[in-house]
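Summary of the model geometry
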Amino acid sequence: QLRQLFGSAVPAFPPKFYLAMTKSMADERRLQLEQYLQNVTLNSNITNSDVFIGFFRKLQQDTFKIQTQRAFLDVHLADGSNIRIDIQTSDTAERILEVASCKVGLPRELIKYFSLFFFQDDDDGVLSVVKKVADFELPYVSLQSMKELHCKLGIRKWYMDPSLDTLLMDCATSLNLLYMQAVQEVKKNWIKPTEGQMRELEFLQKNANKAKFLELIQKMQFYGYVRLDPCICDYPEEGCSADIYVGNNEINCCIKLPSKQTKEVSFKINRLRSWQVTFLGAAKDGEDDTLELRFEYNDSDKWQWIILYTKQ
């Protein structure tokens, strides 16, 4: 099936090759396929093709034994409200985003600035964005497979350059979506206003001045960034914990060293040469599955691999 989908880029091996593989050979083969599929999904010509979408739709439904049938799906907004839409269980994220956007009144030409995300919004006030939903992914199926994570499906903006806000502020619906997300991120401590800035924001929020609220918040630290849950990294030494913000062409890390000191580091995207994601599974019984993100970074004219361990 892979060869039919992707052509000769996936090598064919005779059946006896698989019988002769050792565990290490099988692990290496699995890793190569993981990395190949990650690279494939970066090519929009492939991911938008009917063959690719059909292949992954069947794969998702077969894996979790979910047949195509009518269902209802709740799509959440950043203010805590949700819209319920009538779907087929085999509908892709692209289709569901179009339907949800139509329901809230977002013009078709602005849909590309938003995306669906799986997120957790805990009672203790922590907001965790687990992942962006791929266009070819089946959100209904994914939610069934992640029941133990108690994830919700929501709409969030999908760009990390705050200057793009100006393209969306002439439309009342997109302005409202940006405003709701900004208010949520202040409440969840993703954004770092000063005390004076916080008072101004509260005044503008009280008076429902959404445009001025967004104009002010664009000047604040970490606006437009995605905040990751605290995770483990190997920089500048192994076993460090880090608070990570991604946006504005940087990966900003506030690293807690084993010595209890903190170190703030900004990894600039234009100095990053390559990256890999590897699924490690659960670290211990009962813990969330762990992903290893490693990226090759030019630090003082020397290339080195930086590794982050995260569930996101």
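Residues numbered from 1 in each chain as written. Predicted model: local features only at pLDDT ≥ 70, side-chain atom pairs only at ≥ 80, totals over all residues. Heavy atoms only, no water.

The name given to the protein in an unreviewed UniProt entry is Sorting nexin-31, with Glareola pratincola as the source organism. The UniProt entry for the protein carries this comment under Sequence similarities (unreviewed entry): "Belongs to the sorting nexin family." Turning to the protein, the UniProt record has this under Function (unreviewed entry): "May be involved in protein trafficking." (UniProt positions renumbered as here; feature names shortened; annotations may be inferred.)

**Re the overall build of the protein**
Per the secondary structure count, the protein includes 11 helices and 13 strands. In terms of overall size, the protein behaves like a compact globule, its C-alpha atoms giving a radius of gyration of 21 Å where 312 residues would be expected to give roughly 20 Å. The buried share of the protein, taken over its 312 residues, is 42%. Across the protein, every contact between residues at least 6 apart in sequence was considered, and the portion connecting residues at least 24 apart equals 50%. When the accessible surface of the protein is totalled, it reaches about 18000 Å², and 50% of it is carbon and sulfur. If the 39 positive side-chain charges of the protein are averaged to one point and the 42 negative ones to another, these points end up 2 Å apart. (Helix = DSSP H or I, 4+ residues; strand = E, 2+ residues; numbered from the N terminus. Rg over C-alpha atoms; globule rule 2.2 N^0.38 Å. Buried < 20%, exposed > 50% of the residue type's maximum accessible area, 1.4 Å probe, protein only. Contact = heavy atoms within 4.5 Å. Areas by Shrake-Rupley, 256 points an atom, 1.4 Å probe, with all protein chains shown as cover. Lys, Arg positive; Asp, Glu negative; His and termini not counted. Charge placed at Lys NZ, Arg CZ, Asp CG, Glu CD.)

**Some details on the packing of aromatic side chains**
The way to describe two aromatic rings as a pair is by their centre distance and the angle between their planes. Counted by the stated rule, this structure contains 13 aromatic pairs. Ring centres of Phe295 and Tyr297 lie 6.4 Å apart, and the angle between their planes is 85 degrees; this geometry places the pair in the edge-to-face category. Members of the aromatic cluster, connected to one another through ring pairs, are Phe52, Phe55, Phe56 and Phe136. (Phe/Tyr/Trp six-rings, centres within 6.5 Å; stacked < 30°, edge-to-face > 60°.)

**Quick look at the pattern of salt bridges**
Tallied over the entire structure, the rule returns 14 salt bridges. Linking Asp62 and Lys58 is a salt bridge whose minimum nitrogen-to-oxygen distance equals 2.7 Å. Residue Asp62 and its partner Lys58 are both found in helix α5 (residues 50-64); the two are separated by 4 residues, about one turn of the helix. Looking at Asp62, the relative accessible area reads 44%, which means it is partly exposed. The partner of Arg70 in a salt bridge is Asp86, and the shortest N-O contact between them spans 2.7 Å. Here Arg70 is found in strand β1 (residues 70-76), whereas its partner Asp86 is found in strand β2 (residues 82-88), with 16 residues between them in sequence. Classification of Asp86 as partly exposed rests on a relative accessible area of 41%. Beyond isolated ion pairs, a larger network of salt bridges with shared partners links Lys23, Asp27 and Arg30. (Salt bridge = Lys/Arg side-chain N within 4 Å of Asp/Glu carboxyl O.)

**A short note on unusual backbone geometry**
Note: most residues except glycine have negative phi, and most peptide bonds are trans. A cis amide bond links Tyr235 to the next residue, Pro236, at an omega of 0 degrees. Along the chain, Pro236 falls in the loop between β7 (231-233) and β8 (240-247). Even without being a glycine, Asn248 presents a positive backbone phi close to 50 degrees. Counting through the fold element by element, Asn248 comes out in the loop between β8 and β9 (250-256). Under the relative-accessibility criterion, Asn248 is labelled partly exposed at 44%. With a phi angle near 60 degrees, Asn249 is a residue other than glycine that sits in the positive phi range. As for its position among the elements, Asn249 is in the loop between β8 and β9. Judged by its relative accessible area of 60%, Asn249 is exposed.

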